[in-house]
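# Residue-level structure breakdown
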Number of protein chains: 4
Amino acid sequence: MCRWQAYSGRPILLEDLLFKARHSLIDQSMSSRSAETPTNGDGFGVGWYGARPFPGLFRSIRPAWNDFNLRDLAAQIESPLFLAHVRATSLATVQETNCHPFRFGNWLFVHNGEIFEIEKIRRALLMEIAPELFSHVLGTTDSEVLFYLALTFGLERDPLGALQRMAGCVEHHARAAGVAESLWMTLGLSDGKTLYAVRYASDGQAPTLYYSKAVEDLLALGLPSETAERLGPEARMVVSEPIGKLADAWIAVPEASALRLVPGKVEVTPFRPKVPAGALPAR
Amino acid sequence: MCRWQAYSGRPILLEDLLFKARHSLIDQSMSSRSAETPTNGDGFGVGWYGARPFPGLFRSIRPAWNDFNLRDLAAQIESPLFLAHVRATSLATVQETNCHPFRFGNWLFVHNGEIFEIEKIRRALLMEIAPELFSHVLGTTDSEVLFYLALTFGLERDPLGALQRMAGCVEHHARAAGVAESLWMTLGLSDGKTLYAVRYASDGQAPTLYYSKAVEDLLALGLPSETAERLGPEARMVVSEPIGKLADAWIAVPEASALRLVPGKVEVTPFRPKVPAGALPAR
Amino acid sequence: MCRWQAYSGRPILLEDLLFKARHSLIDQSMSSRSAETPTNGDGFGVGWYGARPFPGLFRSIRPAWNDFNLRDLAAQIESPLFLAHVRATSLATVQETNCHPFRFGNWLFVHNGEIFEIEKIRRALLMEIAPELFSHVLGTTDSEVLFYLALTFGLERDPLGALQRMAGCVEHHARAAGVAESLWMTLGLSDGKTLYAVRYASDGQAPTLYYSKAVEDLLALGLPSETAERLGPEARMVVSEPIGKLADAWIAVPEASALRLVPGKVEVTPFRPKVPAGALPAR
Amino acid sequence: MCRWQAYSGRPILLEDLLFKARHSLIDQSMSSRSAETPTNGDGFGVGWYGARPFPGLFRSIRPAWNDFNLRDLAAQIESPLFLAHVRATSLATVQETNCHPFRFGNWLFVHNGEIFEIEKIRRALLMEIAPELFSHVLGTTDSEVLFYLALTFGLERDPLGALQRMAGCVEHHARAAGVAESLWMTLGLSDGKTLYAVRYASDGQAPTLYYSKAVEDLLALGLPSETAERLGPEARMVVSEPIGKLADAWIAVPEASALRLVPGKVEVTPFRPKVPAGALPAR
């Protein structure tokens, strides 16, 4: 199980949320409260939108807590929208191409969860990826396959629709392979303007997903006061895990829901997988 | 262009050939004489047969010349048969899963060369890999695809036949994609008993491949005298590049040839790609 | 706080104790039960005695649990005496030269603990290191300084005496700098024949240290049966932390004690720091 | 022998000079024309001044040419003053703390060259470092020692004076140890406002140092046209090696000279080592 967080609001130094906040993602990477995954030390990544037309990306196989470059970059880079991820794996190799976020054009994508018995359908899912996207798949995670499936199914023009088709496609192939309940996930993604998140599991028991309901929730993380002043009323965070004792103040995204966050507005809509029209016949 | 070397004979410390020999592979990794590839600093690997029923493997993304672990392991590990590889890439990512040798069961595999315009046929080639082998492909090199194609086509029971079918399969798909001359390679592989090597290019201009004709060729590399004494008359090396001024003494493997080396005997046979019977229709 | 273990006995594959045993060191590296140090993911190392006159060494900054090279080497390397270490630090940089074991000639050295307020005396301690040893100090840990101080004070001819002088020297400089209780440590070291261990703290509250009292204690770790048969009655382990529920069966080394283990015999003697005769006047 | 470059002028994306310029530093890192050092693949670093009161720093042990993070960061980070360095070493370990630039407060420091027979005087030089600076020395390069000596001798208030005292101190200890001509170097350093560089060798045969005489020299590097427009007349570069065929257009810094570059103005003054008043008696 991985952990991720995303921020949208006025530009903020990455370090304010990644390192200085109480129960920050980096703290969590070393010491989880979950018995199954005591640590998220199998690499990390952060993707951010800044001055360029495309997002920046920094990924490393080192544990986030002991990477000096991450600390240094987080102290220099300011962004109005970023996604960060710490990884725990017992499956896919620890290598940079398996670290999140994944990026394609303007899009960044992070994932927590897994496709159960992926080994039964990985080949079939790869074949569903549009040929022109195929050579962009550089790693061996199920997460990256989900991203390129969503891109294949129209992520760039209809993000939430494409994610539903991606989920439908995975469940379609999984069922055909005898795996009744295959998906278990939260997703975060963005094109630099809108932040999307999804909470879904085939069996209705998805991993957690929270968002802050007001800027005060962020101030409560103990940010430096000069930072807090600049945040503005529209700043929001989305996180894969409850943050310490503050969990009560944050809003849990319901099962099978998608979240769409533009400055000042959070929309939550149902997330319903759909088998895409052109799906290959499952073998 | 990568470089590799293989040894077969009485057990020898890896360091004797990797570090102590004149013009060793590690020396070559830093300073090639070739203008196109001035350095082979994009990772390395060594696979060796020892006391266990399966080979050992050590791969790293660091340049071979500055990796202390390699130096240390080479000083401890003794083997009668090993393959070593230093990588130079402008294509596939520098990550351990892209470093050679690749391993499957008892088999080790190294490659120098490339598949031209691989991006046009990579997807089709992946689909040729036997489904039960598919999840073993961990990296993104064309080299690893060649290895799993050969395994698909029977490498374990008919090594040279399988390699010819692999080559035939690649050329088949390449031609269908409009690439007339796709393969350009030398290969080294072993099951721990026999050492095989192949020199082949679709256009008849394959990269070089040499083998030592007698133990004296190895002694001429300036090995420590206590090592030289122990080598025995059957010790041989196969190398992807001529070794310094000693090139004259070594035997160049002819174009389109396969080499089969068992202790004391070198067989050179023609290498002729064959489209495998069950190949998928190329698009 | 780091963790370490050492083995002495008939040759065993490193993987049997590092990976296959219940509550192995590698398992522990990911999930400690200690609240202060939930994970030991800041690098690892293993040093072993084998066929060569000097020990082998493999150290890496990756978490031990996700390093494929470690897994592979542990599956190939057999040794009658080895020391392994997993690191957790909030102080010295995560780099290979800060990973244990440290090695000098035939000696290997691991350390758990710390020198309190080392920053006040690090410079003075470095000056105590014999000039001819000085250039061997490659990292920035207090552990490595302890090792070179011990070497300076005669480790090679009088191991336990030298360690007592080392401890005396540190406490001497610490007291002069106003640090009353500076040392808090367990040590493991060997010359390839004898295994030594020390448990000591200036304040009498040293970290834990255990050893197995009989080969049965090792069998209880759930080793593969073919391994267990070969262990022989003299096999022993020394560990920095109790191993799971088996803690009761192992023997806790008392405070301020040194342990000397030769095949079949364990000697425990008092450990009493002594200010070395030639110590520089503390500033 | 390492290579470095520095830029001062209007803000520019790091990638424009590090990757896009002809004969860029990254190109040079893979393929030097110098026979002694065919490659600079032993790590790299870049330090830059941006929006924060202190400089950013990104250092890695990977070869610069194959580090995706460097490529990505260089595409996002814009700076009016930065220093970049690619390393080649046969001496000090390849680890991040040995990569340049070194940083202290607002200062960044890069070095090419060496202290001959440093092993004879390293300990003495470390002792010259002010005790309050001592714990900031994290690596094992002679370069870092030079930087902390300069800081000890007043770098922050009198940069060129302090560098001359640093050089005097090194030569003083070297002569005492029987090394007549110890220093061979170029240096680059900055406090974020002024860029300094030094070319000096004890034997009058220092490594090369060049600077561009006008913005046209930079345009000639083939920068993207939109970049070129924004450069402004005051943009200058300082480089340790001649850049391709453009060497003639650049100005070679004379032996034993210091260069002081503020926007629009380059001052070259003599560089004369001075033994600092308080130097410890050489042993």
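Residues numbered from 1 in each chain as written. Chains lettered and ligands numbered in written order. Predicted model: local features only at pLDDT ≥ 70, side-chain atom pairs only at ≥ 80, totals over all residues. Heavy atoms only, no water.

## Some details on the overall build of chain A
Helix and strand content of chain A: nine helices and 13 strands. Relative to a compact globule of 283 residues, whose C-alpha radius of gyration would be 19 Å, chain A shows 18 Å and is just as compact. Seen along its three principal axes, the alpha-carbon backbone of chain A occupies a region of about 60 × 40 × 35 Å. Classification of the 283 residues of chain A by burial places 65% in the buried group. Contacts in chain A between residues at least 24 apart in sequence constitute 68% of all its contacts with a sequence separation of at least 6. When the accessible area of chain A is evaluated, it comes to approximately 10000 Å², of which 52% is carbon and sulfur surface. (Helix = DSSP H or I, 4+ residues; strand = E, 2+ residues; numbered from the N terminus. Rg over C-alpha atoms; globule rule 2.2 N^0.38 Å. Buried < 20%, exposed > 50% of the residue type's maximum accessible area, 1.4 Å probe, protein only. Contact = heavy atoms within 4.5 Å. Areas by Shrake-Rupley, 256 points an atom, 1.4 Å probe, with all protein chains shown as cover.)

## Concerning the pattern of salt bridges
Pairing between side chains of opposite charge can happen when the charged atoms of each approach one another. Taken as a whole and assessed by the stated rule, the structure comprises 44 salt bridges over all chains. In this structure, K265(B) and E267(B) form a salt bridge, with 3.4 Å as the shortest nitrogen-oxygen distance. On the basis of relative accessibility, which here comes to 43%, the residue K265(B) falls in the partly exposed class. Put simply, R199(C) and E255(C) hold a salt bridge, and the shortest N to O gap is 3.3 Å. Here R199(C), found in strand β8 (residues 195–201), pairs with E255(C), found in the loop between β11 (251–252) and β12 (257–262); they are 56 residues apart in sequence, far enough to count as distant. When its relative accessible area of 29% is taken as the criterion, E255(C) is described as partly exposed. (Salt bridge = Lys/Arg side-chain N within 4 Å of Asp/Glu carboxyl O.)

## Description of the relation of the copies chain D and chain A
You can overlay chain D on chain A at an RMSD of 0.0 Å; the transform is a turn of 180° with a shift of 0.0 Å along its axis. The superposition operator between the copies reduces to a two-fold rotation axis. When the interface residues of chain D are mapped onto chain A, 100% of them again lie at the interface, so the same face is used by both copies. (Least-squares fit on C-alpha atoms with pLDDT ≥ 70 in both.)

## A word on the environment of H85(C)
All names here are of chain C. Position of H85 among the secondary structure elements: in strand β4 (residues 78–86). On the basis of relative accessibility, which here comes to 1%, the residue H85 falls in the buried class. Sequence separation of H85 and N40 is 45 residues, and the distance between their C-alpha atoms is 9.5 Å. Those residues in contact with H85 that sit more than four places away from it in its chain are C2, R3, W4, L25, F44, G45, H100, V110 and H111.

## Describing the relation of the copies chain B and chain A
Between chain B and chain A, which share one sequence, the superposing operator has a rotation angle of 180° and an axial displacement of 0.0 Å; the RMSD is 0.0 Å. Of all interface residues in chain B, 100% are interface residues in chain A too; the two copies therefore contact each other through one and the same surface.

## What about the interface of chain B and chain A?
Taken together, the contact between chain B and chain A spans twelve residues of the former and twelve residues of the latter. Across the chain B to chain A interface the summed buried area is about 1300 Å²; carbon plus sulfur atoms make up 64%. Together, R123(B), M127(B) and F134(B) form the three largest contributors to the area buried by chain B at its contact with chain A, with a combined 43%. Joining chain B to chain A, the criterion identifies six residue pairs in polar contact (both at pLDDT 80 or more). Residue assignment for the side of chain B that touches chain A shows that the elements contributing at least two residues are α4 (122–128) and α5 (131–134) of chain B. Among the elements that line the side of chain B that touches chain A, the one with the most residues is α4(B), at three residues. Within the side of chain B that touches chain A, the residues separate by chemical class into seven nonpolar, four polar and one charged. (Buried area = accessible area lost by both parts, 1.4 Å probe. Polar contact = N/O pair within 3.5 Å; in protein donor to acceptor, adjacent residues only side chain to side chain. Nonpolar A, V, L, I, M, F, W, Y, C, P; charged D, E, K, R; others polar.)

## Some details on the packing of helix α6 (residues 142–152) of chain B against helix α7 (residues 159–176) of chain B
Residues and elements named next belong to chain B. It is at 8 Å that the axes of α6 and α7 come closest, and there the two elements cross at 120°. By the angle class used here, α6 and α7 are oblique. Judged by the sense of rotation from one axis to the other, the crossing of α6 with α7 is right-handed. Between α6 and α7, the contacting residues are L146, L149 and A150 on the first element and A162, L163, M166 and V170 on the second. Looking at the contact of α6 with α7 residue by residue, the class counts come to seven nonpolar, no polar and no charged. (Axes fitted to C-alpha atoms, helices over the stretch in contact; angles between N-to-C directions. Parallel < 35°, antiparallel > 145°, perpendicular 65-115°, else oblique. Left-handed = near helix turned anticlockwise from the far one by under 90°.)

## Observations concerning the interface of chain D and chain A
Taken together, the 19 residues of chain D in the interface contact 19 residues of chain A. Buried area between chain D and chain A, both sides added, is near 1700 Å², and the carbon and sulfur share of it is 41%. It is R52(D), N69(D) and Q76(D) in chain D that bury the most area against chain A; as a group they hold 36% of the surface buried on that side. Taken together, the connections running from chain D to chain A amount to six salt bridges. Counting residues per element, the ones that place at least two in the side of chain D that touches chain A are β3 (56–60) and α3 (68–74) of chain D. Counting residues per element, the side of chain D that touches chain A draws most heavily on β3(D), at four residues. Partitioned by chemical class, the residues of the side of chain D that touches chain A number nine nonpolar, three polar and seven charged.

## Things to note about the sheet that holds strand β3 (residues 56–60) of chain C
With antiparallel pairing, the seven strands of this open sheet are ordered in space as β3-β2-β4-β1-β10-β9-β11 (chain C). Across the chains shown, the open sheet's two edge strands, defined by having one partner strand only, are β3 and β11 of chain C. Bridge analysis of strand β2 (residues 44–49) of chain C against β4(C) gives six bridges, and the strand direction is antiparallel. In the strand pairing of β4(C), W48(C) is matched with F82(C). Along the sheet face, helix α3 (residues 68–76) of chain B touches β2 and β3 of chain C and points at about 155° away from the line of β3(C). (Pairing = 2+ DSSP bridges.)

## Here's the deal with the confidence of the model for chain A
Residues shown with low pLDDT carry predicted positions that ought not to be read at fine detail. All names here are of chain A. On average, residues of chain A score 89 in pLDDT, and 93% of them are at 70 or above. Across chain A, the secondary-structure element scoring lowest on mean pLDDT is helix α9 (residues 225–230), at 75, and the one scoring highest is strand β8 (residues 195–201), at 98. Reported for the predicted complex are a pTM of 0.91 and an ipTM of 0.90. (pLDDT = per-residue confidence, 0-100.)

## Some details on the pairing of strand β13 (residues 265–270) of chain C
Residue and element names in this part refer to chain C. The pairing of β12 with β13 spans six bridges and is antiparallel. Among the inter-strand pairings, L259 is bridged to a residue of β13, identified as V268. Between β12 and the antiparallel strand that follows it, β13, lie two residues; G264 among them carries a positive phi value of about 90°.

## Considerations on the packing of aromatic side chains
Under the criterion given, the structure shown has 33 aromatic pairs over all chains. Through a chain of ring-to-ring contacts, the aromatic side chains of F44(A), F58(A), F44(D) and F58(D) assemble into a single cluster. Above the plane of the ring of F134(A) lies R123(B), whose end atom (NZ or CZ) is 5.7 Å from the centre. (Phe/Tyr/Trp six-rings, centres within 6.5 Å; stacked < 30°, edge-to-face > 60°. Lys NZ or Arg CZ within 6 Å of the ring centre and 35° of its normal.)

## A look at the side chain of D142(D)
All names here are of chain D. As for its placement among the helices and strands, D142 is situated in helix α6 (residues 142–152). Of the side chains with opposite charge, R122 lies nearest to the buried D142, which makes no salt bridge, at 7.1 Å. In this structure the side chain of D142 is engaged in a polar contact, spanning 3.0 Å, whose partner is the backbone nitrogen of I115. When sequence neighbours within four positions are dropped, the list of residues in contact with D142 reads H111, E114, I115 and I118. (Lys, Arg positive; Asp, Glu negative; His and termini not counted.)

## Quick word on the pairing of strand β3 (residues 56–60) of chain B
Residues and elements named next belong to chain B. Taking burial as the measure, the five residues of β3 include five buried ones, the bulk of the element. Pairing geometry for strand β2 (residues 44–49) and β3, over five bridges, is antiparallel. Bridging across to β3, F44 finds its partner in S60. With antiparallel pairing between neighbouring strands as the criterion, β2 and β3 make up a hairpin whose turn holds six residues.

## Notes on the sheet that holds strand β12 (residues 257–262) of chain A
Residues and elements named next belong to chain A. Strand order in the open sheet formed by six strands is β5-β6-β7-β8-β12-β13, and the pairing between neighbours is antiparallel. A single partner strand is all that each edge strand has here, and the edge strands are β5 (102–104) and β13 (265–270). Neighbour to neighbour, the strand axes of the sheet diverge by 15° on average, direction disregarded. With respect to the sheet, helix α6 (residues 142–152) is in contact with β5, β6 (107–115) and β7 (183–190), its orientation differing from that of β6 by roughly 125°. Those strands touched by helix α7 (residues 159–176) are β6, β7, β8, β12 and β13, and its axis lies near 155° from that of β7.

## Quick notes on α6(A)
Residues and elements named next belong to chain A. Among the eleven residues that make up α6, ten are buried, leaving the element largely enclosed by the rest of the structure. All buried positions along α6 are accounted for by D142, S143, E144, V145, L146, F147, Y148, L149, A150 and L151. On the buried face of α6, the contacting elements are β5, β6, α4 (122–128), α5 (131–134), α7 and β7. Just downstream of α6, G154 is the residue with a positive phi angle, here 100°.

## Comments concerning the environment of I243(C)
Residues and elements named next belong to chain C. Inspection of the secondary structure assignment puts I243 in the loop between β10 (236–239) and β11. Residues I243 and H85, spaced 158 residues apart in sequence, show a C-alpha to C-alpha distance of 15 Å. In contact with I243, not counting residues within four places along its chain, are R22, H23, Q28, L221, M237 and W250.

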